[in-house]
Amino acid sequence: MKIEVLGTGCSKCKNLEKVVQDAVAKAGLFAQIEKVEDIAKIMEYGLMSTPGLVVDGDVKLTGRVPSVDEIVGILREA
Amino acid sequence: MFAWWEKLSAGLVFDLFGLEKGSHLGEAVHFFIYDTIKIFILLVGIIYLVTLLRSYFPVEKAREYIAGKNKLLGHVMAAFFGVLTPFCSCSAIPLFLGFLQARIPLGVTFSYLISAPMSDAVVIALLLSLFGWKIAVLYVGLGLLVAIIAGLIIGSMNLDKEVLIEIKPVDASYEEQKIPFKIRAFEAWEFTRDLFKKIYLYVIIGVGIGAFIHGYVPQDFITKYAGGDAWYAVPIAVIMGIPMYASAAGILPLVEALSAKGMLMGTAISFMMAVVALSLPEAMILKRVLSMKLIGIFFGTVGFGILLVGYMFNIIL
């Protein structure tokens, strides 16, 4: 599983990265987490508000930092 | 609405603290305590409501509506959506590029980008609590007008080549994320709490200085010494507003105190618009995707619009 956290470096983006790490640990999943900060790459996903959460190439969330449990749910579904 | 608090705080200051009613110190302390608590209550309440409401208008939805509209309607809708959607200057770039990717014209994109920060939740909350709903509505209405007209002007100048990054067109269709009300309500609360933590000190300082002005500065101070209705009052207010983004929360209480001492309302509104719409940090962020020329034109056009609003106001009111 490949998880990408999209964000240009605002505080919300850093929060999301941390929440995602916690969620992966909690769910006991084997996943690769990557932070994408390049604006051109971010724009390729077509989102307009950062941060964004991408799992295996699909945009799952934009513009908000959800709870650890919500991300665990998203990761289990993916 | 706050008559109960006016009474309670007066009792506190004049009876409990024993300060003399009508004295400079007494009036200043009363103003400070009354105003700080009143502003805090209104700030938290209004920011919370605005944030919760805006969570229902994600910007992707706005983009879908605006894309493909005819030009004038596009400008008007972009300006209105700027008020409705949540905005944070940290996502100004993805927002800007996202609009262009959906083949929304540059000028319409600017109408949005000018309108969005102007209707900042903190500013609206403070305007409502300090100046009342009439001034708040006027502020939002004139902000829309500036956004529409400045966007139209920028759009007519053929500046597409001033965008420094390649735009790959995408489909603007948008699938709504389903978020339960409980989560929205909680996230809006978290957002309000974090924002409040960031600005409360500015508010206290602003009200503190305002209280000093309220109690000690004579009634006709501004008219007498700072040229209240002189022609240069508005441009000075606009220029002073540019570097003051972070402390908007502290500056508004100050503006209230100054307008009570004779600063004209148009000058005050121009100043507030300049504080939020012409922010240096936002310009620095945009520099990564826009040429300096385009940023200059953007600031120039909006600044000019704000000036006009200030002069208009000073003449009417």
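Residues numbered from 1 in each chain as written. Chains lettered and ligands numbered in written order. Predicted model: local features only at pLDDT ≥ 70, side-chain atom pairs only at ≥ 80, totals over all residues.

Chemist: What should I look at first to understand the overall build of chain A in this one?
Modeler: In terms of regular secondary structure, chain A is built from three helices and four strands. Its helices and strands in sequence order give chain A the pattern β-α-β-α-β-β-α, from N to C terminus. In summary, chain A has a C-alpha radius of gyration of 11 Å against a globular reference of 12 Å for 78 residues, a match within 12%. On the principal axes, the C-alpha backbone points of chain A span a range of 30 × 25 × 15 Å. Within chain A, buried positions represent 38% of all 78 residues. Across chain A, every contact between residues at least 6 apart in sequence was considered, and the portion connecting residues at least 24 apart equals 65%. (Helix = DSSP H or I, 4+ residues; strand = E, 2+ residues; numbered from the N terminus. Rg over C-alpha atoms; globule rule 2.2 N^0.38 Å. Buried ≥ 20, exposed ≤ 12 C-beta atoms within 10 Å, placed from the backbone. Contact = placed C-beta atoms within 7 Å.)

Chemist: Help me understand the environment of B:P105 in this model?
Modeler: All names here are of chain B. Along the chain, P105 turns up in the loop between α5 (92-101) and α6 (106-118). Separated by 34 residues in the primary sequence, P105 and K71 have C-alpha atoms spaced 8.2 Å apart. Beyond its immediate sequence surroundings of up to four residues, P105 is in contact with K71, G74 and G155.

Chemist: Which parts of the structure should I look at to understand helix α8 (residues 133-155) of chain B?
Modeler: Since there are 3.6 residues in each turn of an α-helix, residues three or four apart along the chain are aligned in direction. Residues and elements named next belong to chain B. A rise of 1.5 Å per residue sets the reference length of α8, with its 23 residues, at 33 Å; its end C-alpha atoms lie 33 Å apart and thus fit the reference within 8%. Burial in α8 covers these residues: Y139, L142, G143, L144, V146, A147, I148, A150, G151, I154 and G155. Packed against the buried residues of α8 are α4 (71-84), α6, α7 (121-131), α13 (265-277) and α15 (292-316). (Expected span 1.5 Å × (residues − 1).)

Chemist: What's the story with α5(B) in this structure? I'm lost.
Modeler: Burial analysis of α5(B) places ten of its ten residues in the buried class, the great majority of the element. The elements touched by buried residues of α5(B) are α2 (39-44) of chain A together with α3 (59-66), α6 and α14 (280-286) of chain B. Just past α5(B), the residue B:R103 takes up positive phi, approximately 60°.

Chemist: I'm lost on the pairing of strand β4 (residues 58-62) of chain A in this one. Help?
Modeler: Regular strands place side chains that alternate from one sheet face to the opposite one. Residue and element names in this part refer to chain A. Note that strand β3 (residues 52-55) and β4 share four bridges and pair antiparallel. When the sheet's bridge partners are listed, L53 is paired in β4 with L61. Where β3 hands over to β4, the hairpin turn is made up of two residues, of which D56 adopts a positive phi near 45°. (Pairing = 2+ DSSP bridges.)

Chemist: Explain unusual backbone geometry here, please?
Modeler: Outside of glycine, negative phi angles account for most residues, and trans bonds account for most peptide bonds. The peptide bond linking A:T50 to A:P51 adopts the cis configuration, its omega dihedral lying at 0°. Topologically, A:P51 is positioned in the loop between α2 and β3. With a phi angle near 45°, A:D56 is a residue other than glycine that sits in the positive phi range. With respect to the helices and strands, A:D56 occurs in the loop between β3 and β4. For B:R103, which is not glycine, the phi dihedral falls at a positive 60°.

Chemist: Can you help me understand the packing of α5(B) against α6(B) in this one?
Modeler: Angle between the axes and distance between the axes are the two parameters that describe a pair of packed helices. Residue and element names in this part refer to chain B. Where α5 contacts α6, the two axes come as close as 9 Å, and the packing angle between them is 150°. Here α5 and α6 pass one another in a crossing that is right-handed. Packed against α5, whose contacting residues are A92, F96, F99 and L100, the element α6 presents L106, T109, Y112 and L113 at the interface. Its residues assigned to classes, the contact of α5 with α6 comprises seven nonpolar, one polar and no charged. (Axes fitted to C-alpha atoms, helices over the stretch in contact; angles between N-to-C directions. Left-handed = near helix turned anticlockwise from the far one by under 90°. Nonpolar A, V, L, I, M, F, W, Y, C, P; charged D, E, K, R; others polar.)

Chemist: Can you help me understand the environment of B:L264 in this one?
Modeler: Note that B:L264 resides in the loop between α12 (248-260) and α13. Along the primary structure B:L264 and B:V234 are separated by 30 residues, whereas in three dimensions their C-alpha atoms are 9.3 Å apart.

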